[in-house]
Amino acid sequence: MAKHTFSTLETFLIFLLVMMTAVTVALLSLLFITSGTIENHKAFQSSTLTQEPIATQMSPMMMTPETPLFQNFTGYHIGVGRADCTGQVGDIRLMGYSKSGQNARGLLTRLYSRAFIMAEPDGSNRMAFVSIDIGMVSQRLRLEVLNRLHSKYGSLYRRDNVILSGTHTHSGPAGYFQYTVFIIASEGFSNCTFEYMVTGIMQSIEMAHTSMKPGKIFFNKGNVDGAHINRSPYSYLQNPQSERARYSSDTDKEMVVLKMEDLNGDEMGVISWFAIHPVSMNNSNHLVNSDNMGYASYLFEQEKNKGHLPGQGPFVAAFASSNLGDVSPNILGPRCINTGESCNNANSTCPIGGSTTCMAMGPGQDMLESTQIIGQILYQAAKELYASASQEVTGPVTSAHQWVNMTDVTVLLNSTHTAKTCKPALGYSFAAGTIDGVGSLNFTQGMTVSVPFWDTLRDQLLGKPSEEIKECHKPKPILIHTGELSTPHPWHPDIVDVQIITLGSFAIAAVPGELTTMSGRRFREAVKAEFETYGMKNVTVVISGLCNVYTHYIATYEEYQVQRYEAASTIYGPHTLSAYIQLFRVLAKAIATDTVANLSTGPEPPFFKQLINSIIPNIADRAPIGKTFGDILQPVNPTYRVGEVAEVVFVGANPKNSAENRTHQTFLTVEKYEATLTSWQIVHNDASWETRFYWHKGLLGLSNATIQWHIPDTAQPGIYRIRYFGHNRKQDFLKPAVILPFESTSSIFEVVAT
């Protein structure tokens, strides 16, 4: 590629930005309470609960008595559960785009953990699959959930039979990680959000556990059109032509669904797996939400739980992630935002503005409409597959799991040659971002040559990468040698989970990263072939992505050579995919040959005792002089028509307080007066797509809260009101802070037909 030269002004601005970043890292390190303390998780479970500052204290282990299971039937014991895991919706970075300044400023839809438990009729073997509306599952989150499950249920739910999978929404809160790269991207660790997420996941599993009853599971699959494109077609074309010729598309169009019902035929839930990035909401968004996958869940659950508010009702619908690494929902493709011309080229650049002006667009007029359109497509496809699902899933529940040091895997390339994985490192094109969310500096995708300016800056700030790591990652030019950085903690994980759970001939492979389209195809084919080699025929292998610990991307060896974003983010080097395939084949063989008990556990991952705190301080909330929290600053209009937006502005308080004090379960309600009942009935809450909760942060603890109701066509004419529920942080001199609930109600207004 052509060598890039920087102007004097550009160089100065870049240097200034990098120095600001360095200062931020230094400040973060100063906030680190006790450096370098690492606990083996087994030791953590038994001895450190009282020392841990993340609010995980529990009573001594209480073994939950098992309800005798009905045994004389064919099928499974099935339980489903859903619980809120939203966390902070203010004063926290959103996780996914790593864009500076993209902090949460309100709520579009709540985030949920959806749990599904399946057990054999005699209760001897079981599994739990949990799909969570978050960016990805962090290792810390996984270890803490396993710890609490062990405290509550003993050995019933374990590392091998519990899968935690993130949907990969880029509009959920950050701050729940333990490795330094993600801590920096999150602007610190948020115990508040971490605890909220852990509690939500646990509640969903507990609900599924207590609701278990005899039932049946049915399987179906089919193609979905019009929902996604490949965002790195140039990388895809590097794969062998003979391999590409086997497929009709450069994306995986197949959706797989599991339908669950009890023995009376009453519907219980559905899990759908489909490869798509939840990035319909772009990096200009500041409202916490679950994006297109979450909207599909919302539609499915609203359809099945009629008469219930969003987030309520017995039916649970999860839209889980798969091999979505190079797949975008922004189906109009990349365009130069300043000229309108296509920038679908090897480096995703525009003649004017370079890579920063090359962005992909969704099918809607704005990102919210695009989210709805893509979510509707996913929902409709899953609904049809669910309705026609007739192939029953039968057979034993088997699980296999290992912890593996991914920095030291010897890969058998063929009968005579081997290769090795690498210590983690991020390449130059990682900083370029993607066409779904471009980076802010002048990096481009496809950088295979380093830039002396950046190398010098890196060496001065972080030290030089070793020749070993540079050689191992070739042709990736290393931007950050994370595997050789350990202050205040390791920057990337070394120990990762590999895991497969089978329900008869249905296998769920829990992959701790983002496989590209062709990586996913090779992976599924290899695991399926391993099952068949050892006697398990016609196994359906589904990839569940972003599970258990996050390790960025998994590109093919050929895609790795051209170093677009996905390859630059393949942190264990060019043979990462081959290593994962080899590791998962070991698990498949163990299941097929009934030798899971012979698998080694592997090296346990660390659990870091102290983490860098959030750099955003907690300050007391204040109301303007002469007003109090909840006072109305801008009232609603007396009358609205269907299709209009009812809006009211209140004196607000920081919504992060509501993640600590959970007196209220919603920030808002829209209520209709029912004359026949002489009472107000809630028709929407803050999980409803029709509502928006905006938080406007002012100075010195002042803030406003704006609530909107986008009145749908289905709204019944009548008298309505909007209510606001918040919490304010009160800090008296020399006294500990307290969080106090408050609520307020708008004036009434009328909705009339169009």
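These numbers come from a predicted model, not from an experiment.

> Can you lay out the overall build of the protein chain for me, pointing to particular residues and giving the numbers?
When helices and strands are counted, the protein chain shows 15 helices and 40 strands. Scaling as 2.2 N^0.38, a compact globule of 754 residues should have a C-alpha radius of gyration of about 27 Å, and the protein chain matches this with 26 Å. Classification of the 754 residues of the protein chain by burial places 59% in the buried group. Long-range contacts, defined as pairs at least 24 residues apart, comprise 77% of the intrachain contacts of the protein chain with a sequence gap of at least 6. Carbon and sulfur atoms provide 54% of the accessible area of the protein chain, an area that totals close to 28,800 Å². A distance of 2 Å separates the average location of the 56 positive side-chain charges in the protein chain from that of its 64 negative side-chain charges.

> Pulling in residues and values, what's your account of the pairing of strand 34 (residues 668–674)?
Counting buried positions over the seven residues of strand 34 gives five, a clear majority of the element. Where strand 34 meets strand 38 (residues 718–730), five bridges bridge the pair, whose relative direction is antiparallel. Of the residues in strand 38, the one forming a bridge with Leu668 is Tyr724. By the bridge criterion, six bridges tie strand 34 to strand 35 (residues 679–685) in an arrangement that is antiparallel. Looking across to strand 35, one finds that Glu671 is bridged to Ile682. Taken together, strand 34 and the strand that follows it, strand 35, pair antiparallel across an intervening segment of four residues, in which Thr678 is found at a positive phi of about 45 degrees.

> Please set out the packing of aromatic side chains residue by residue, giving values where relevant.
Taken as a whole and assessed by the stated rule, the structure comprises 32 aromatic pairs. On the numbers, 4.6 Å between centres and 5 degrees between planes, the contact of Phe667 with Phe693 is stacked. Highlighted residues: Phe667 in the loop between strand 33 (645–651) and strand 34 and Phe693 in strand 36 (residues 691–697), separated in sequence by 26 residues. Relative accessible area serves as the criterion here: at 5%, Phe667 is assigned to the buried category. An aromatic cluster of at least three residues, connected via ring pairs, comprises Phe629, Phe650, Phe667, Phe693, Tyr724 and Phe742. Sitting above the plane of the Trp403 ring, Arg159 keeps its charged end 5.4 Å from the centroid. Arg521 extends its terminal NZ or CZ atom over the ring of Tyr247, reaching a point 4.0 Å from the ring centre.

> Go over unusual backbone geometry with me, naming the residues and quoting the values.
Across the junction of Lys474 and Pro475, the peptide omega takes the value 5 degrees, indicating a cis bond. In this fold, Pro475 is placed in the loop between helix 11 (467–473) and strand 24 (478–480). The omega angle of the peptide bond from Thr487 to Pro488 is -5 degrees, so this bond is cis rather than trans. Its location among the elements puts Pro488 in the loop between strand 24 and strand 25 (495–503). Not every positive phi belongs to a glycine, and Ser348 is a case in point at roughly 50 degrees. By secondary structure assignment, the location of Ser348 is in the loop between strand 15 (333–336) and strand 16 (358–361). Taking the relative accessible area as the measure of exposure, Ser348 reaches 5% and is therefore buried.

> Which residues make up helix 10 (residues 452–462), and what values do they have?
What helix 10 keeps buried is the set Trp454, Asp455, Leu457 and Arg458. With its buried residues spanning 165 degrees around the axis, helix 10 presents them on a single face. In helix 10, the exposed residues that point more than 90 degrees away from the buried face are Pro452 and Gln460. Positive phi shows up at Gly463, right after helix 10, with a value of about 95 degrees.

> Which residues make up the UniProt feature "active site" (unreviewed entry) in the protein chain, and what are the values?
Those places that UniProt annotates as "active site" (unreviewed entry) correspond, in this numbering, to Ser328. For Ser328, a relative accessible area of 0% puts it in the buried group. Apart from residues no more than four positions distant in its own chain, Ser328 is found in contact with Ala227, His228, Ile229, Arg231 and Asp436.

> Residue-level account of the side chain of Gln708, with values.
Relative to the assigned elements, Gln708 resides in strand 37 (residues 703–710). Given the relative accessible area of 13%, Gln708 is considered buried. One polar contact links Gln708 to His710, side chain to side chain, over a distance of 2.9 Å. Once residues within four sequence positions are removed from consideration, Gln708 is found in contact with Val645, Ala646, Glu647, Glu690, Thr691, Arg692 and Tyr694.

> If you had to explain the environment of Trp680 to someone new, which residues and values would you point to?
Tracing the sequence through the fold places Trp680 in strand 35. Between the C-alpha atom of Trp680 and that of Trp695, which follows or precedes it by 15 residues, the distance is 26 Å. Apart from residues no more than four positions distant in its own chain, Trp680 is found in contact with Glu671, Lys672, Tyr673, Ile719, Tyr720, Arg721 and Ile748.

> Break down the packing of helix 8 (residues 291–304) against helix 9 (residues 367–388) for me, citing the residues and quoting the values.
A pair of packed helices is captured by two measures, namely the crossing angle of their axes and the spacing between those axes. The contact between helix 8 and helix 9 brings their axes to 8 Å, and the two run at 50 degrees. The angle between the axes of helix 8 and helix 9 places the two elements in the oblique class. Taken as a pair, helix 8 and helix 9 cross one another with a handedness that is right-handed. On the side of helix 8, the interface is formed by Asp291, Asn292, Met293, Tyr295, Ala296, Leu299, Phe300, Glu303 and Lys304, while helix 9 contributes Thr371, Gln372, Ile374, Gly375, Gln376, Leu378, Tyr379, Ala382, Lys383 and Tyr386.

> Any details on the state of the cysteines? Residues and values, ideally.
This structure, assessed with the given rule, holds three disulfides. Here Cys336 engages in a disulfide with Cys350; their sulfurs sit 2.2 Å apart. As the torsion about the S-S bond is roughly -105 degrees, the Cys336-Cys350 disulfide counts as left-handed. Here Cys336 is found in strand 15, whereas its partner Cys350 is found in the loop between strand 15 and strand 16, with 14 residues between them in sequence. Taken individually, Cys336 and Cys350 each receive the classification buried, so the pair is uniform in this respect. With its sulfur 2.0 Å from that of its partner, Cys422 forms a disulfide with Cys472. Handedness here is read from the sign of the S-S torsion; for Cys422 and Cys472, about -90 degrees, the answer is left-handed. With Cys422 in the loop between strand 20 (418–420) and strand 21 (426–427) and Cys472 in helix 11, this residue pair connects regions lying 50 residues apart in the sequence. Judged by relative accessible area, which is 26%, Cys472 ranks as partly exposed. Looking at the protein chain, its bonded cysteines, counted consecutively from the start of the sequence, adopt the pairing 1-3, 2-4, 5-6. Lacking any disulfide linkage, Cys192 is separated from the closest cysteine sulfur, that of Cys85, by 13 Å.

Cut-offs and rules
Position numbers for residues count from 1 along each chain, tracking the sequence in the order it is written. Only residues with pLDDT of at least 70 get local features here, since the model is predicted, and only at 80 or more are side-chain atom pairs given and counted; chain-wide, interface and lining totals rely on the full set of residues. To obtain the side-chain values, all non-hydrogen atoms of the structure were included, while hydrogens and water were left out. Helix numbering and strand numbering both begin at the N terminus, where a helix is a DSSP run of H or I of at least 4 residues and a strand a DSSP run of E of at least 2. For a compact globule the rule gives 2.2 Å times the number of residues to the power 0.38, and the radius of gyration it is set against comes from C-alpha atoms. Remark: exposure states derive from per-residue accessible area (1.4 Å probe, protein chains only) relative to the maximum for the residue type, with buried under 20%, exposed over 50%, and partly exposed in between. The criterion used for residue contact is that any of the two residues' heavy atoms lie within 4.5 Å. For accessible areas, the Shrake-Rupley method is used with a probe of radius 1.4 Å. Any residue's cover is judged against the shown protein chains and nothing else. This count recognises Lys and Arg as positive and Asp and Glu as negative, with His and chain-terminal groups excluded. The atoms used to mark charge sites are NZ of Lys, CZ of Arg, CG of Asp and CD of Glu. For two strands to pair, DSSP has to find at least two bridges joining them. Two rings from Phe, Tyr or Trp (for Trp, the six-membered ring) form a pair when their centres are within 6.5 Å of each other. A pair whose planes differ by under 30 degrees is stacked, one over 60 is edge-to-face, and the rest are tilted. Look at NZ for Lys and CZ for Arg. If either is within 6 Å of the ring centre and within 35 degrees of the ring normal, a charge sits over the ring. Each direction from the helix axis to a C-beta atom contributes to the arc, which is the arc of those directions. UniProt positions are given in the numbering used here, feature names are shortened, and annotations may be inferred rather than shown by experiment. Two N or O atoms count as a polar contact when they lie within 3.5 Å, although within protein this holds only if one can serve as hydrogen donor and the other as acceptor, and sequence-adjacent residues are included solely when both atoms are side-chain atoms. Lines fitted to C-alpha atoms define the axes here, with helix axes fitted over just the stretch in contact, and angles between the N-to-C directions of these axes take values from 0 to 180 degrees. In these notes the angle categories are as follows: under 35 degrees is roughly parallel, over 145 is roughly antiparallel, 65 to 115 is roughly perpendicular, and the rest is oblique. Crossings are sorted by hand: turned counterclockwise from the far helix by less than a right angle, the near helix makes the crossing left-handed, and turned clockwise it makes it right-handed. Counting rule for disulfides: a pair of cysteine sulfur atoms within 2.5 Å.

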